[in-house]
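# A structural walkthrough
One letter stands for each residue in the lines below.
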Amino acid sequence: MSGVEQWSADRMATQQKKGFGTYEEASRLEATGVELIRLELGTSSIDTPAHIKQGAKDALDAGLVHYGHLQGQPELREALANKVRTMNGIEATPDEILITNGLTQAAFATFMATLNPGDEVIHLQPGYPQHPPKIALIGGSVVTVPLTPSFRPDPERVEAAITPRTKMLLLVNPVNPVGTVYTKDELGQLADIAIRHDLLVVTDEVYEFMVYDGHKHVSIASLPGMWERTITMFGFSKAYGMEGWRLGYAVAPQPLIQQIMRVTMNESTHPCLFGQYGALAAVTSPQTCVQEIVTEYKRVRDILHARLNAMPGVSSHLPEGTIYTFPSIKDLGLTSAEFCHRLLTEKHVSMESGSFYGPPGEGYVRICFAAEPGERVIEAMDRMEEFVRDLS
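Residues numbered from 1 in each chain as written. Predicted model: local features only at pLDDT ≥ 70, side-chain atom pairs only at ≥ 80, totals over all residues. Heavy atoms only, no water.

### Thoughts on the packing of helix H12 (residues 288–309) against helix H14 (residues 374–391)
For the pair H12 and H14, interaxial distance at closest approach is 10 Å and the crossing angle is 10 degrees. Accordingly, the angle class assigned to the pair H12 and H14 is roughly parallel. Where H12 approaches H14, its residues Glu296, Arg299, Val300, Ile303, Leu304, Arg307 and Leu308 are matched on the opposing element by Gly374, Glu375, Val377, Ile378, Met381, Asp382, Met384 and Glu385. Within the contact of H12 with H14, the residues separate by chemical class into eight nonpolar, one polar and six charged. (Axes fitted to C-alpha atoms, helices over the stretch in contact; angles between N-to-C directions. Helix = DSSP H or I, 4+ residues; strand = E, 2+ residues; numbered from the N terminus. Parallel < 35°, antiparallel > 145°, perpendicular 65-115°, else oblique. Contact = heavy atoms within 4.5 Å. Nonpolar A, V, L, I, M, F, W, Y, C, P; charged D, E, K, R; others polar.)

This is how it looks when you write it as C-alpha cells:
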C-alpha cells in the first residue's frame, strides 16, 4: 500500500467514486476555451440583491470581523424565529435555531450528531445526491425508496422499507431534482409513519420559496406531533442568489440544536460574522426581490417545459417547485450519462445525468433553468433540439 491509500482513513472507502457528475467533465472542457451553456449546477445567474450586500458591507465597516456567537448572531436568530413562525408554522425560539455554513454543513452536523454506525436512513429517490455520502461517511446506511412514476412519495413503500435499524427519514421538499412539492396530505402520511415507528425526520427545505402555480410549501415540522422529532434545514442560497455566501440554518428543539452545535463548534466554530448581517438584511427587508426572482424562474420554466415536450423522444412534467426540470429521454436510445456526455461534447450544453440522483433517475436528465439567464437557456434548448433530431 502506498500513496493516498496509505494515508486514507477506512471510512473513505464508503465514498462514491462518481465525483461531481457532469460538472467535472464540463469544467475540463471549459478550461480548454470552449464556451459552454452550463445547466448542470443548482445555482443562480441572478446577483445577490444590493440591500443584502449592503448589510454585509455595513457590518464590515463597523468592524464586525472577529468571532461571532457560536450559535449564530442573536439578532439573526430572532429574525429567523419570527420567519419560521409566520411562514413555516414552526413555533421555534431563537435558542432553537443554529446558523451554519450553508445547509450543507447543517446536514453534515445533523447526521454526525444523530446517527450511529449501522443506523439506517430512508431516502426518497430520485433525490439530492449530496446527503447520502455524508451519511455513509459517518457509518450510516442509506435505504433507497423510489418515488412513484409521477414523482410522488409512496407511503406504503416507505413503511415497507423500515427495519429495526431504521432511525431516520430524510426528506427534500420541494424535491431536487424532480420539482415535486409535497402536499400537506402527503406529508401527513409520512408524519404518521414517523410517529408510528418513532423515527427522526430530517428535512431539507432550501427551495421553500421556489414554488409555482399556487402550490404551497408545507414544513412537516408544523404538523401535529412532528416538532419534537424533526430537524428542519433551510438556506439563503436559492431565494436570494447567495450560494457563495455559504449560510444556512437548522431549526429543531433545543436539546437537538445543542447536540448539532457540539459538532459545528468543533468543525468551524461559527459562520462568517459579517455575512450574517447580509442574511439579516435578506430576512428583515421586504421580500420583493424573492417575488421577482420566482417570477423570472417561472417564465423560463414555462418556456423550457414547452420546448422539451416539442422534441421527439423527450417528455417533461411541469415542475411544481425548485429550479429544475427532469425530462425523460428514455425513448432516445441513450443512457442518461451517454446523453449528457454527447450533448456536452457535440453541442456544448451541460446537463446532469438522472442516474446521478440514484438508480430511479436513469432515463432522465436534470436541467437547472436558473443557472443561466433566460435567453441562454432558450439557446440551450435550440442546441438540444438539434441534437435530439440528429439522433432520429
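Picking up where we left off.
### Brief notes about the packing of helix H5 (residues 102–114) against helix H10 (residues 254–267)
For the pair H5 and H10, the least separation of the axes is 8 Å and the interaxial angle reads 115 degrees. Classified by the angle their axes make, H5 and H10 are roughly perpendicular. Read as a crossing pair, H5 and H10 show a hand that is right-handed. Judged by residue contacts, Gln105, Ala109, Thr110, Met112, Ala113 and Thr114 of H5 engage Leu256, Gln259, Ile260, Val263, Thr264 and Glu267 from H10. (Left-handed = near helix turned anticlockwise from the far one by under 90°.)

### A short note on empty space enclosed by the protein
Taken as a whole, this structure holds two cavities of 30 Å³ or more when the rule is applied. In this structure, the largest cavity encloses a volume near 60 Å³. When residues of the lining of the largest cavity are traced back to their parent elements, those giving at least two are strand S3 (120–125) and strand S5 (166–172). A class-by-class count of the residues in the lining of the largest cavity yields eight nonpolar, two polar and no charged. What lines the second largest cavity is simply Leu70, Leu98, Ile99, Thr100, Asn101, Gln105, Thr264, Ser268, Thr269, His270 and Pro271. Broken down by element, the residue count for the lining of the second largest cavity peaks at three residues, all from strand S2 (residues 97–100). Residues of the lining of the second largest cavity, tallied by class, amount to four nonpolar, seven polar and no charged. (1 Å grid on protein atoms, 1.4 Å probe; cavity = no way out; pocket = protein on both sides within 12 Å on 5 of 7 lines; lining within 4 Å. Points joined across faces, edges and corners; volume = space filled by probe spheres on them.)

### Quick look at H5
Each turn of an α-helix holds 3.6 residues, which means side chains three or four residues apart point in the same direction. Across its 13 residues, H5 extends 19 Å between first and last C-alpha, which sits within 8% of the 18 Å expected from 1.5 Å per residue. The buried count for H5 comes to ten of 13 residues, which makes it a mostly enclosed element. Those residues of H5 that fall on the buried side of the exposure criterion are Gly102, Leu103, Gln105, Ala106, Ala107, Phe108, Ala109, Thr110, Phe111 and Thr114. (Expected span 1.5 Å × (residues − 1). Buried < 20%, exposed > 50% of the residue type's maximum accessible area, 1.4 Å probe, protein only.)

### Observations concerning the packing of aromatic side chains
Evaluation of the coordinates by the stated rule reveals eleven aromatic pairs. Both rings, one in Phe151 and one in Phe326, keep their centres 5.8 Å apart while their planes meet at 75 degrees; by these two values the pair is edge-to-face. With Phe151 in the loop between strand S4 (141–146) and helix H7 (155–160) and Phe326 in the loop between strand S9 (324–325) and helix H13 (336–347), the pair connects residues that are 175 residues apart, well separated along the chain. The class of Phe151 is buried, set by a relative accessible area of 6%. Given a relative accessible area of 1%, Phe326 falls into the buried group. Here the aromatic rings of Tyr207 and Tyr324 are separated by 5.5 Å at their centres, their planes lie at 75 degrees, and the arrangement is edge-to-face. (Phe/Tyr/Trp six-rings, centres within 6.5 Å; stacked < 30°, edge-to-face > 60°.)

### Regarding the pairing of S3
Extensive coverage of S3 is indicated by the burial of six of its six residues. With burial as the criterion, each face of S3 is covered, one bearing Glu120, Ile122 and Leu124 and the other bearing Val121, His123 and Gln125. Pairing analysis gives six bridges linking S3 to S4, with the strands arranged parallel. Pairing of Val121 across the sheet is with Val142, part of S4. Pairing of S3 with S5 involves four bridges; the strand directions are parallel. Following the sheet pairing, Glu120 is matched in S5 by Thr166. (Pairing = 2+ DSSP bridges.)

### A look at the layout of surface pockets
Computed from the structure, the largest pocket encloses a volume of approximately 690 Å³. Lining the largest pocket are 29 residues, and of these Gly42, Thr104, Tyr128, Gln130 and Lys238 lie nearest its centre. Breaking the lining of the largest pocket down by element, the ones donating at least two residues are H5 and helix H9 (237–240). Residue composition of the lining of the largest pocket, by class: 14 nonpolar, seven polar and eight charged.

### Observations regarding helix H6 (residues 131–138)
Of all eight residues in H6, seven are buried; the element is thus mostly enclosed. Along H6, the positions that sit buried rather than exposed are His131, Pro132, Pro133, Lys134, Ile135, Ala136 and Ile138. Elements that come into contact with the buried residues of H6 comprise H5, S3, S4, S5, strand S6 (200–204) and strand S7 (230–235). Phi turns positive one or two residues past the end of H6, at Gly139, with a value near 105 degrees.

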